[in-house]
Every structure is written in C-alpha cells, then in structure tokens.
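Structural characterization, general
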Amino acid sequence: MNPKQQKVQKFLKLLNESFDKETEKSKRIALAFSGGVDSSLLAKLAKDKKIKFAVYVVGIKGCHDILAAKKVAKELKIKLRVITINQKDIKKALKPQTRILEEVYKKIRKNSRLNIPAPDPVSVSFNLPLFFVAKHTKEEIIMLGQGPDNLLGGYHKHKKLPEKEAIKEIMKDTQEIVKISIPQYNAIGEHFNKKISTPYLSKELVKFCLKLPYELKINKDLDKYILRIAAKKTGLSKKTSERKKKAAQYGTNIMNEIIKIAKAEGKTDRQLIQEHRR
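Quick caveat: nothing in here was measured; it's all calculated off a predicted structure.

Digging into the sheet that holds strand S2 (residues 53-60)
Pairing is parallel across the open sheet formed by five strands, whose spatial order is S3-S2-S1-S4-S5. At either end of the open sheet lies a strand with only one pairing partner, and these are strand S3 (80-85) and strand S5 (195-197). On average, each strand axis in the sheet is tilted by 30° relative to the strand beside it, whichever way the strands run. Bridge count between strand S4 (residues 141-143) and S5: three bridges; the pairing is parallel. Bridging across to S5, Ile141 finds its partner in Lys195.

Written out as structure tokens, the structure reads:
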C-alpha cells in the first residue's frame, strides 16, 4: 500500500469512527442532503451501516441541489424527501433566522476576540437550508456534511491561490467553521429542539486533514481530493464523487429569492437583512 492509499484509508477510518460516535445513541437521523460529494459519502456510509436515516434536500423548485440530490438518491437507491420552498417561505423565515445568527454572533464576540460582522445576505441565505430542514424533519438529530470545503480546499478561492497562501487560507477557514459556523448550526438546531451532528468536524479528523500534504487537498482540477478518492473507494460513482457543488445559498436558489424580495420592497438585500435584525 503506497502512502496515498494509506492516507485515504486513514481518512475513511477516522470518518467512520466519527460517524459511529455521532449515531451510536440515535435510533434515527435526518441527513441534510445536496447531492454533493460531502453529503453523498455520508449517505453511503449510513446505508452501508444499515442505519435508519432519512435524507432531505431543500430548495426552490427545479434548483441545482434538488436535481443533483435526485440523481444521487437514484444511484444509492434511497428515498429522497424534497422540501420545496418558495419566496413566501423564505420571507417568513428571514426574521427568525437573522435573529438566531445575531444572538450567536453576540455570544462569540463576548467570549472571544473575534470580530464577527452582523448577519448579512450571505450568512442568512447560507444557513436557511438547515433552518428549513430543522423545521420540517421529525428526526431529533440532523447530520450535516459541512467541513470538507474548509478542511480540504473546497472553495474556488483556494484553487486560485499559490500553494503556501492556499494552505494558510485553509487553516483560517477551518478555524472559522469550528469557532463560528458550528455555533450557528447548533443554535438553529436548538431553535427547533434538534441536535446537530457534524461527522467531518471531529477533532481527530480535523487534525488529520490539516496535516495532509497539499496534493491530497487540491490536485490539479480536483479540490477535496482525498475525500473524492475515499468516496470512490466506498463505491460511489465517479460522477458523484467528482461532482462540483454550488454553495448552499446558490444551489438552493435562496440567495436569488432574497434579492427579489429586497428589490420588490425597494431595498438592497443588505438593507433587507439589516431590517430583520431589529
């Protein structure tokens, strides 16, 4: 077994251990699903382990995430629950979602030296898919595929940077998801009396990923390289393992709808969110 294969095997071992730990006390989990490789790999693990789980995708009718999720659900032969939302649903959710983030950011600022800006259209629209999953699921635990983009250079900006700068940015983004994003996810869960599970963000897996060689994070045109190789190793198709994913706010079309809402009210999207902070 060559060094790359050893790293892939270790990655899968740590992910399986984290997954098992997150689900050992749960009779059933809900998996927030987008059809991207991150959540697809979790769905494959859950199916292989014969765990009772429900898979949910959120979005505007016909959006990228719903179409991608349907394809992967068909590949894995799992039932997909589609939470179709519209502009009215988003408009109604803006105030509670914005206020949840506002309270989280206040607590983080108070307990740390982090200078976090106020909720904005990006932070609100990014978190709304989880808001809708938490609102509509009956399961008490919601599993998220968040983490690999931060840990393994999954954002477009990472590939644009020279290697040394990309590594620094990945480290910064990893610290951000641990210190800022996880509290956001947990707060949304608590709002609906749900527990949030993030298998990719166990301490052991985060530590392992940060120490990986650059070429196992970004390799030519493939980001999250080790994750994609691991996904293929579990039996996911090449197409699913290498599928490019849009950020949640765009894959669901939620950001576009927020812009439309603001425009209809004669405001910018930023002014709209600012108004809902009060």
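Resuming the write-up.
A short note on the pairing of S3
The sheet contact formed by S2 and S3 spans six bridges and is parallel. Its bridge partner being in S3, Ile60 is matched across the sheet by Ile85.

Some details on the packing of aromatic side chains
Under the criterion given, the structure shown has two aromatic pairs. Between the aromatic rings of Phe131 and Phe132, the centroid separation amounts to 5.7 Å while the plane-to-plane angle is 85°, which identifies the pairing as edge-to-face. The same class applies to Phe131 as to Phe132, namely buried. Ring centres of Phe131 and Phe192 lie 5.0 Å apart, and the angle between their planes is 80°; this geometry places the pair in the edge-to-face category. Taken as a pair, Phe131 in helix H5 (residues 121-136) and Phe192 in the loop between helix H8 (163-191) and S5 lie far apart in primary sequence, 61 residues in all. For the pair Phe131 and Phe192, a shared accessibility class is recorded, and that class is buried.

Brief notes about the environment of Leu12
Relative to the elements of secondary structure, Leu12 occurs in helix H1 (residues 3-23). Along the sequence, Leu12 and Lys233 sit 221 residues apart, while their C-alpha atoms lie 9.2 Å from each other. The residues contacting Leu12, other than those within four sequence positions of it, are Ala230, Lys233 and Thr234.

Concerning the pattern of salt bridges
Evaluation of the coordinates by the stated rule reveals 19 salt bridges. Linking Lys238 and Glu242 is a salt bridge whose minimum nitrogen-to-oxygen distance equals 3.1 Å. With relative accessibility at 21%, the residue Glu242 sits in the partly exposed group. In the salt-bridge network here, residues are joined through shared partners; they are Lys91, Glu265, Lys267 and Glu275.

Some remarks on helix H10 (residues 225-234)
In terms of burial, H10 is a largely internal element, seven of the ten residues being buried. Listed in full, the buried residues belonging to H10 are Tyr225, Ile226, Leu227, Arg228, Ala230, Ala231 and Thr234. Of the surrounding secondary structure, the elements contacted by the buried residues of H10 are H1, helix H2 (37-48), helix H6 (148-151), helix H9 (203-210) and helix H11 (238-241). Among the residues trailing H10, Gly235 stands out with phi positive, at a value near 115°.

What counts as what
- Residues numbered from 1 in each chain as written.
- Predicted model: local features only at pLDDT ≥ 70, side-chain atom pairs only at ≥ 80, totals over all residues.
- Heavy atoms only, no water.
- Pairing = 2+ DSSP bridges.
- Helix = DSSP H or I, 4+ residues; strand = E, 2+ residues; numbered from the N terminus.
- Axes fitted to C-alpha atoms, helices over the stretch in contact; angles between N-to-C directions.
- Phe/Tyr/Trp six-rings, centres within 6.5 Å; stacked < 30°, edge-to-face > 60°.
- Buried < 20%, exposed > 50% of the residue type's maximum accessible area, 1.4 Å probe, protein only.
- Contact = heavy atoms within 4.5 Å.
- Salt bridge = Lys/Arg side-chain N within 4 Å of Asp/Glu carboxyl O.

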